[in-house]
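Chain residues, written in single-letter form:
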Amino acid sequence: MKSKRLSKAKRLSLDKITALPQTIIETILCLIPIKEAARTSILSREWRYKWTTIPKLDFSGHGMQIMKTSKLICAIHQVLSLRHDPVHEFTLSIDDVDRFGKTGFPSRELDQIIRHLSKNHPVKKLRIDFDACGDSLYKLPFSVFSLHHLTELYLGYCSLHRQPKFNGFRGLTSLSLDFVRISRKTLLHLLSTSPSLKSFTLLMLVQDILGREKSTMIELFECLPVIEHLTIWSEICPFWKLIIVLAYIWFKWFVPDLVPQELPTPLIHLKYFSFTQMSFLDGFGLTFLAILIKNSPNLEKVDLELN
């Protein structure tokens, strides 16, 4: 018995990776695809459950694209069921999704996954990105508003509707909305209830704007009291056969007649501003830029790409 224990100890001493602290092993496993991390369970008895403790679950990359949707959803459910420790980061990124629902990507199953995360895990970073190739978008469930530990949120090709009882993401510091269908009212509510927001990126097309209500520039910037990095981005999209510039969209949202010369509260924390595919249609883009620079005394860098 003693000789066996010595033999095992000797083998472990030769296995430098196994001998590393658990936190370092988790860091290493977080750097490889989740599928490869799961495969480490066959290395030895000691490695059987190590991958189930990693705090980061990333379902993205080429392997996710070629996997059938049903198998992917099943795999996510299985991974979550095997979890021994909390999930702090969750990513689901799939390209070329043309529809959702019964004839496409199973929205209900994804709703269940997000609901499970909101109830059982203190998720700090969430990325849901479909890079959809059709007009259909994934409608986020209300349970996403229950992820109160979020510090970073990235949404791509989703539809976001306001949860009436939503009290905000108090710890959210980074928000990216790429082709997210959302109303002005919901956007302002989301921003105003995220008082720690330091980085905000917005990419939007005309058809993504919901509702007819108008807002003012003052209302917008009052929602961003500690903003440091602001990125507004647009692109020319041949699939819709429209040349869409975000300056036009932006000022269709925020009433130009109510543009102030001074903001009630200067953007004293703003250090970086990026405006891609900028347009001076109707003079709105130039007005917006002038007011932004005038009211940002600590602005260090401005990136502009004129259309």
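Higher on the page you've got the structure.
None of these values were measured; they are calculated from a predicted model.

(A) Highlighting the side chain of Thr 186. By secondary structure assignment, the location of Thr 186 is in helix H7 (residues 184–192). Residues contacting Thr 186, with those up to four places away along its chain left out, are Leu 160, His 161 and Arg 162.

(B) Spatial organisation of the pattern of salt bridges. One pass over the full model with this rule turns up two salt bridges. Lys 125 is the salt-bridge partner of Glu 152, the closest N and O atoms lying 3.7 Å from each other. Separated by 27 residues along the polypeptide, Glu 152 in strand E5 (residues 152–156) and Lys 125 in strand E3 (residues 125–129) bring together distant segments of the chain. Overall, Lys 125 belongs to the partly exposed group, its relative accessible area being 32%. Between Arg 127 and Asp 129 there is a salt bridge; the shortest N-O distance is 3.6 Å. Under the relative-accessibility criterion, Arg 127 is labelled partly exposed at 31%. On the basis of relative accessible area, Asp 129 is assigned to the buried category, the value being 10%.

(C) The arrangement of the environment of Thr 186 in detail. Take Thr 186: its relative accessible area is 8%, and that puts it in the buried class. At 2.9 Å, the side chain of Thr 186 forms a polar contact with the side chain of Ser 183.

(D) Geometry of unusual backbone geometry. At Tyr 157, a residue that is not glycine, the phi angle is positive and equals roughly 60 degrees. With respect to the element layout, Tyr 157 can be found in the loop between E5 and strand E6 (158–159). Relative accessible area serves as the criterion here: at 12%, Tyr 157 is assigned to the buried category. Located in the positive-phi region is Phe 179, a residue other than glycine, with phi close to 55 degrees. Inspection of the secondary structure puts Phe 179 in the loop between strand E7 (174–178) and strand E8 (182–183).

(E) Local environment of the packing of aromatic side chains. Across all of its chains, the model carries seven aromatic pairs by this definition. Centre to centre, the rings of Phe 59 and Phe 90 are 5.8 Å apart; their planes meet at 50 degrees, and the pair counts as tilted. Highlighted residues: Phe 59 in strand E1 (residues 56–59) and Phe 90 in strand E2 (residues 89–93), separated in sequence by 31 residues. Taken individually, Phe 59 and Phe 90 each receive the classification buried, so the pair is uniform in this respect. When the centroid spacing of 5.6 Å and the interplanar angle of 65 degrees are considered together, the rings of Phe 130 and Tyr 138 count as edge-to-face. Following the ring pairs from residue to residue traces out a cluster consisting of Phe 142, Phe 145, Phe 166 and Phe 169.

Conventions we followed
Residues numbered from 1 in each chain as written. Predicted model: local features only at pLDDT ≥ 70, side-chain atom pairs only at ≥ 80, totals over all residues. Heavy atoms only, no water. Helix = DSSP H or I, 4+ residues; strand = E, 2+ residues; numbered from the N terminus. Contact = heavy atoms within 4.5 Å. Salt bridge = Lys/Arg side-chain N within 4 Å of Asp/Glu carboxyl O. Buried < 20%, exposed > 50% of the residue type's maximum accessible area, 1.4 Å probe, protein only. Polar contact = N/O pair within 3.5 Å; in protein donor to acceptor, adjacent residues only side chain to side chain. Phe/Tyr/Trp six-rings, centres within 6.5 Å; stacked < 30°, edge-to-face > 60°.

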